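Working through the structure, step by step
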Amino acid sequence: MAYLLTFGIVAALFLASISLYRYGNIPRQHILVTLSVLTAWCFSFLIVFTIPLDVTSTLYRQCLEEHRPTPAPSNVSTTPANANVTPPPECQEPWGMVPASVFPNLWRIIYWSSQFLTWLIMPLMQSYLKAGDFTVKGKLKSALIENAIYYGSYLFICGVLLIYIAVKGESLDWQKLKAIASSASNTWGLFLLILLLGYALVEVPRSLWNNAKPGFALQYAYFKAAKLSTEKAEAEEHVDDILESLQCISRVIPNNHELRPCLETILRKVPIELQERASRNFARTGGSGMGATSSTILPSEKALVRIHKQVIKSLQTLQRTEALWSVQVQTVLHLEDVARNIHSSERRFKSEFPRQRTQLERICYSATLQWYWECLLKAPFLKTLCVLTATMSAMVVWSELTFFSRHPVLSIFANVIYVAKESYDFFTIEVFSMAVLCYFFYCTYSTILRIRFLNLYYLAPHHQTNEHSLIFSGMLLCRLTPPMCLNFLGLIHMDTHIIPNRIMETVYTQIMGHMDVIGIISNGFNIYFPMCMLAFCLATWFSLGSRALNALGFQQFLQNETIATELVQEGKDLIAREKRRRQRAEEAMARRRDFNRQDPGLGGGSDYLSKYRSGGAGGTLTSGRTPADGLLRDGDGSFDYAAVASSSALGVPRSLSEEINDRFGVSTQVQVGFRDPDYEPEHDRRIVGPPPRGLFDDV
């Protein structure tokens with residue numbers, strides 16, 4: 001009968017796998033990163049899918065207790081585990097009823113595994129990736145030191161709480177220590193959860209309403225494009241400064257010096273085009289820029305570790321800005337297509353930059369269907385969703401403000417569950433619980449994607465998210481999902497430590513534990529802090545945060561503001577420049593195709609380079625080796641330049657954008673022209689990617 005639980009496990013694994021495939025670049029990620037993130041996402045989704053089953057199972061057990069013909073003896077179990085006992089006719093077994101012994105073991109495995117990942121494994125993995133040391137031992141040492149500083153404050157707080165408990169004379173055992181650890185984690189998660197929900201409960205309906213207005217959405221997209229262009233330029237300048245210092249160090253360290261392998265490890269992380277540009281800048285300035293004052297001093301290993309960490313961070317920032325810029329350009333171009341087609345009499349959606357579509361996509365989502373959806377139906381649909389989400393947000397805020405009230409019951413969610421419980425309508429309870437939890441889930445994690453934590457971490461589709469951001473998202477999912485579910489159970493009055501003697505407690509709350517030993521948290525913070533959500537919602541409604549940031553010099557999109565208007569115009573100019581660049585790229589590619597057709601003996605770029613890749617006669621490269629330029633000594637096969645060069649005719653030098661796309665994500669080059677969407681390009685210009693980059697690739 002536990003088919004719903006099996007379906008939930010399969011659905012959670014499928015959703016986590018699809019999300020990881022969409023955002024991550026699995027062939028280039030280390031297997032440990034992939035497995036850790038997949039486990040973290042899968043367990044977080046599984047908690048959300050399984051909570052409604054725990055709720056209905058608890059209500060079913062309570063129904064059996066209330067309709068027993070005789071009082072159960074004290075030594076008899078209260079769970080309906082005895083198959084010989086016929087349930088009363090009033091208690092119909094819910095769909096997918098799970099045996100009573102399943103949930104305790106399931107919650108222990110999910111919760112403690114996810115907590116082990118989010119507090120120990122994934123922080124160490126993230127620090128390891130950012131460390132600048134050149135050995136496994138050095139990277140692990142740096143990761144441990146960095147995390148020890150962070151967890152030192154956490155352990156200090158735990159120590160203070162333990163002293164507080166000892167002063168009160170409370171006895172401590174292993175169960176209470178586990179309850180303190182889990183509740184401390186849940187309290188931290190609840191603090192962040194209320195902040196995120198206070199923003200999202202207002203911003204989600206408002207963004208739906210704004211997206212239903214194509215003109216507003218296009219203006220805001222121009223604004224974001226201008227800001228991202230500025231960030232991208234700053235990231236490129238920062239990379240150039242660091243590479244200039246690296247050029248100085250490269251000229252100081254001799255080829256036979258013991259630190260030369262460390263320097264080559266750093267240089268292998270830098271794309272060839274960036275190295276060549278840095279060399280040209282260095283030759284043009286004569287080494288008068290950054291690092292010139294110490295150009296004759298031999299650096300120490302600590303100095304190389306420091307600059308190695310700076311290179312990793314700067315390239316990560318450059319990758320982030322390139323990825324977000326690519327996504328934003330596609331968004332702007334799509335909105336421009338909508339604005340251009342909305343008054344079309346043909347009622348066929350035509351794109352200025354059409355992408356290659358599969359035969360199935362052309363049949364199921366034709367140009368006519370796309371026109372009706374994008375130009376006619378999408379705006380009313382988004383406005384309807386706005387009304388529904390606004391209603392749900394109002395219900396959440398009201399329930400958060402009143403869920404502690406026992407008599408009368410003011411929480412809307414608690415009343416819905418109580419009414420359904422009176423008739424034991426388990427299907428309604430499951431659907432309602434799933435809908436509310438999914439809305440909580442969407443609001444929480446859409447906020448994370450929207451604010452991007454000061455742009456340090458992000459999730460970009462089309463395989464453009466780096467490993468640091470994937471690990472960070474997995475950590476947040478594991479830390480926020482348990483307190484989010486506990487908060488929901490409190491709203492429906494199924495947490496007996498908040499509303500006692502109303503509805504039987506779920507197995508989930510029994511496993512999570514409570515802060516009963518620390519009254520100031522159990523009776524204060526966990527109950528009254530969620531009431532602060534109203535203040536956060538009001539601040540979001542009146543855009544107080546955006547106005548404060550705008551006053552401090554951080555440009556925000558505020559209507560009727562001069563600087564916002566200027567940035568919108570700048571965004572229009574940048575998009576026009578990007579369109580001209582793509583047009584020139586398309587024309588150059590067309591000329592190369594024409595040249596290859598006219599002279600087939602020279603046109604086969606891949607045939608021309610095949611002798612180098614295979615190590616045949618006349619070739620300079622042996623099989624399985626990458627080209628060595630005397631500076632990198634890239635003989636470890638970490639990058640197949642010949643395979644990448646075959647995408648250009650006769651090995652034409654690649655641009656920086658092509659190098660970045662190859663190193664960090666899928667190329668964004670598309671066919672240019674105002675064509676029918678059923679047009680199919682003549683060939684696919686996908687760039688061959690490098691082999692997987694391991695976690696220990698540079699040691």
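Residues numbered from 1 in each chain as written. Predicted model: local features only at pLDDT ≥ 70, side-chain atom pairs only at ≥ 80, totals over all residues. Heavy atoms only, no water.

1. Description of the overall build of the protein
In plain terms, the rule: Each helix is a run of DSSP H or I of at least 4 residues and each strand a run of E of at least 2, with the numbering of both proceeding from the N terminus. Each residue gets one of three labels from its accessible area relative to the maximum for its type: buried under 20%, exposed over 50%, partly exposed in between, using a 1.4 Å probe on protein chains only. Computed with the Shrake-Rupley method and a 1.4 Å probe, the accessible areas treat only the protein chains shown as cover for residues.
A count of helical and extended segments in the protein gives 23 helices and 0 strands. When the 699 residues of the protein are sorted by exposure, 48% land in the buried category. Carbon together with sulfur atoms contributes 61% to the accessible area of the protein, which is approximately 34300 Å² in total.

2. Observations concerning helix α14 (residues 467-491)
To keep things clear, this is the line we draw: Here the expected length of a helix is defined as 1.5 Å per residue gap, with one fewer gap than residues. The bend at a residue is defined as the angle formed between two axes, one fitted to the seven residues ending at that residue and one fitted to the seven starting there. A 3.5 Å cut-off defines polar contacts: any pair of N or O atoms within that distance qualifies, except that in protein one atom must be a possible hydrogen donor and the other a possible acceptor, and neighbouring residues in sequence count only when both atoms are side-chain atoms.
An ideal rise of 1.5 Å per residue puts 36 Å on 25 residues; α14 measures up with 36 Å between its terminal C-alpha atoms. The axis of α14 is deflected most strongly, by about 25°, at leucine 480, and proline proline 482 appears within four residues downstream. A large share of α14 lies buried, amounting to 25 of its 25 residues. Between the side-chain oxygen of the N-cap and the backbone nitrogen of histidine 468 there are 3.4 Å, and the N-cap of α14 in question is asparagine 466.

3. Thoughts on the pattern of salt bridges
It is possible for side chains of opposite charge to pair when their charged atoms get near one another. For clarity, the cut-off: Each reported salt bridge corresponds to a side-chain nitrogen of Lys or Arg within 4 Å of a carboxyl oxygen of Asp or Glu.
Throughout the structure, instances matching the rule amount to 14 salt bridges. Look at the salt bridges and you will find they share partners, linking Glu336, Asp337, Arg340, Glu352 and Lys579 into a network.

4. Some thoughts on the nonpolar core
As a reminder, the rule being used: We call a set of buried residues a nonpolar core when its members are Ala, Val, Leu, Ile, Met, Phe, Trp, Tyr or Cys and they connect through side-chain atoms within 4.5 Å of each other. Two residues form a contact once any of their heavy atoms are found within 4.5 Å.
Grouped together as the largest cluster of nonpolar side chains are 93 residues, with contacts concentrated most on Trp41, Ile51, Trp107, Leu201, Phe413 and Tyr508. Take this core: its biggest share by element is 18 residues, from helix α2 (residues 31-66). Excluding its chain neighbours within four sequence positions, the residues that come into contact with isoleucine 51 are Trp107, Leu437, Cys485, Phe488, Leu489 and Tyr508. Counting 23 residues, the second-largest nonpolar core is a separate cluster that includes Leu324, Leu335, Tyr458 and Val568.

5. Overview of a nonpolar patch on the surface
Inclusion rule: Grouping into patches uses exposed residues only, defined as over 30% relative accessible area, and leaves out salt-bridged ones; the cut-off is 9 Å for like charges and 5 Å for nonpolar side chains (Val, Leu, Ile, Met, Phe, Trp, Tyr).
Taken together, the side chains of Leu534, Leu538, Trp541, Phe542 and Leu544 define a hydrophobic patch exposed on the protein surface, amounting to about 530 Å² of accessible area. Ranked by residue count, the leading element in the nonpolar patch is helix α17 (residues 533-541), at 3 residues. Take leucine 534: it is sitting in helix α17. A relative accessible area of 35% means that leucine 534 is categorised as partly exposed.

6. As for helix α7 (residues 260-267)
In terms of residue burial, α7 counts as a mostly covered element, since 7 of its 8 residues are buried. Taken residue by residue, α7 has Arg260, Cys262, Leu263, Glu264, Thr265, Ile266 and Leu267 as its buried positions. Contact partners of the buried residues in α7: α6 (214-252), α8 (272-285) and α9 (301-341).

7. Details of the packing of aromatic side chains
We count it as follows: Classification of ring pairs uses Phe, Tyr and Trp, with its six-membered ring standing for Trp, and accepts pairs whose centres are within 6.5 Å; under 30 degrees between planes counts as stacked, over 60 as edge-to-face, and the remaining range as tilted. Think of it as a cone above the ring: NZ of Lys or CZ of Arg counts as a charge over the ring if it is within 6 Å of the ring centre and within 35 degrees of the ring normal.
Tallied over the full model, the rule gives 10 aromatic pairs. Look at phenylalanine 45 and phenylalanine 441: their rings are 5.3 Å apart centre to centre, the planes differ by 55°, and that puts the pair in the tilted class. Taken as a pair, phenylalanine 45 in helix α2 and phenylalanine 441 in helix α13 (residues 426-455) lie far apart in primary sequence, 396 residues in all. Phenylalanine 441 matches phenylalanine 45 in its accessibility class, with the two residues each being buried. Each ring, one from phenylalanine 103 and one from tryptophan 107, has its centre 6.1 Å from the other, and the planes form 15°; the classification is stacked. You can see phenylalanine 103 and its partner tryptophan 107 sitting in helix α3 (residues 102-130), 4 residues apart, about one turn around the helix. Taken individually, phenylalanine 103 and tryptophan 107 each receive the classification buried, so the pair is uniform in this respect. A network of ring pairs unites the aromatic residues Phe45, Phe441 and Tyr445 as a single cluster. Sitting over the ring of phenylalanine 216, lysine 213 keeps its end group 5.1 Å from the ring centre. For lysine 232, the ring lying beneath its charged end belongs to tryptophan 325, and the centroid distance is 5.4 Å.

8. Considering the environment of serine 185
Inspection of the secondary structure puts serine 185 in helix α5 (residues 174-211). Assessed through its relative accessible area of 1%, serine 185 is described here as buried. With 294 residues separating them in the primary sequence, serine 185 and arginine 479 have C-alpha atoms 7.2 Å apart. Excluding anything up to four places from it in sequence, serine 185 contacts Tyr111, Gln115, Trp119 and Tyr154.

9. A short note on the packing of α2 against α14
Each pair of packed helices can be described by the angle between their axes along with the distance between the axes. To keep it simple, the criterion reads: Simply put, an axis is a line fit to the C-alpha atoms, just over the touching stretch for a helix, and the angle between two N-to-C directions goes from 0 to 180 degrees. Any angle between 65 and 115 degrees counts as roughly perpendicular, while under 35 counts as roughly parallel, over 145 as roughly antiparallel, and the rest as oblique. Take the far helix as the reference: if the near one is turned anticlockwise from it by less than a right angle, the crossing is left-handed, and if turned clockwise, right-handed.
Running from amino to carboxyl end, α2 crosses α14 at an angle of 15°, the nearest separation of the two axes being 9 Å. Relative to α14, the element α2 is oriented roughly parallel. In this structure, the crossing between α2 and α14 has a hand that is left-handed.

10. Quick look at the UniProt feature "transmembrane region" (unreviewed entry) in the protein
So the rule is basically this: UniProt positions are given in the numbering used here, feature names are shortened, and annotations may be inferred rather than shown by experiment.
The feature "transmembrane region" (unreviewed entry), as given by UniProt, occupies residues 6-24, 31-51, 109-129, 149-167, 179-202, 385-406, 426-449 and 525-544 in the numbering adopted here. Measuring from the first to the last C-alpha atom of residues 31-51 gives 30 Å, for a span that is 100% helix and 0% strand. The span residues 385-406 shows a helical share of 82% and a strand share of 0%, and its end C-alpha atoms are spaced 32 Å apart.

11. Observations regarding the packing of helix α1 (residues 3-23) against α2
What counts here: Under the scheme applied here, ten amino acids are nonpolar (Ala, Val, Leu, Ile, Met, Phe, Trp, Tyr, Cys and Pro), four are charged (Asp, Glu, Lys and Arg), and all others, including Gly, are polar.
As a packed pair, α1 and α2 sit with axes 8 Å apart at the nearest point and diverge in direction by 140°. In terms of crossing hand, the pair formed by α1 and α2 is right-handed. Each of Leu4, Leu5, Gly8, Ile9, Ala11, Ala12, Leu13, Leu15, Ala16, Ser17, Ser19 and Leu20 in α1 lies in contact with α2, whose residues at this interface are Thr34, Val37, Leu38, Trp41, Cys42, Phe45, Leu46, Phe49, Thr50 and Leu53. Of the residues that constitute the contact of α1 with α2, the class distribution is 17 nonpolar, 5 polar and no charged.

12. Topic: unusual backbone geometry
Within the chain, arginine 347 stands out as a residue other than glycine whose phi angle is a positive 55°. Within the secondary structure layout, arginine 347 lies in the loop between α9 and α10 (359-364).

13. So, the confidence of the model for the protein
Regions with low pLDDT should not have their predicted coordinates read in detail. Note the threshold: The pLDDT score gives, residue by residue, the confidence of the prediction method on a 0 to 100 scale.
In the predicted model, the protein carries a mean pLDDT of 76, and 73% of its residues have values of at least 70. At the level of individual helices and strands, the protein shows its lowest average pLDDT in helix α22 (residues 641-645), which scores 37, and its highest in helix α11 (residues 367-402), which scores 93. A low-confidence stretch, residues 76-84 stays under pLDDT 50, and its non-local contacts, those more than four residues away or across chains, total 8 contacts. Throughout residues 290-294 the model reports pLDDT below 50, and contacts reaching past four residues in sequence, or to other chains, amount to 8 contacts.

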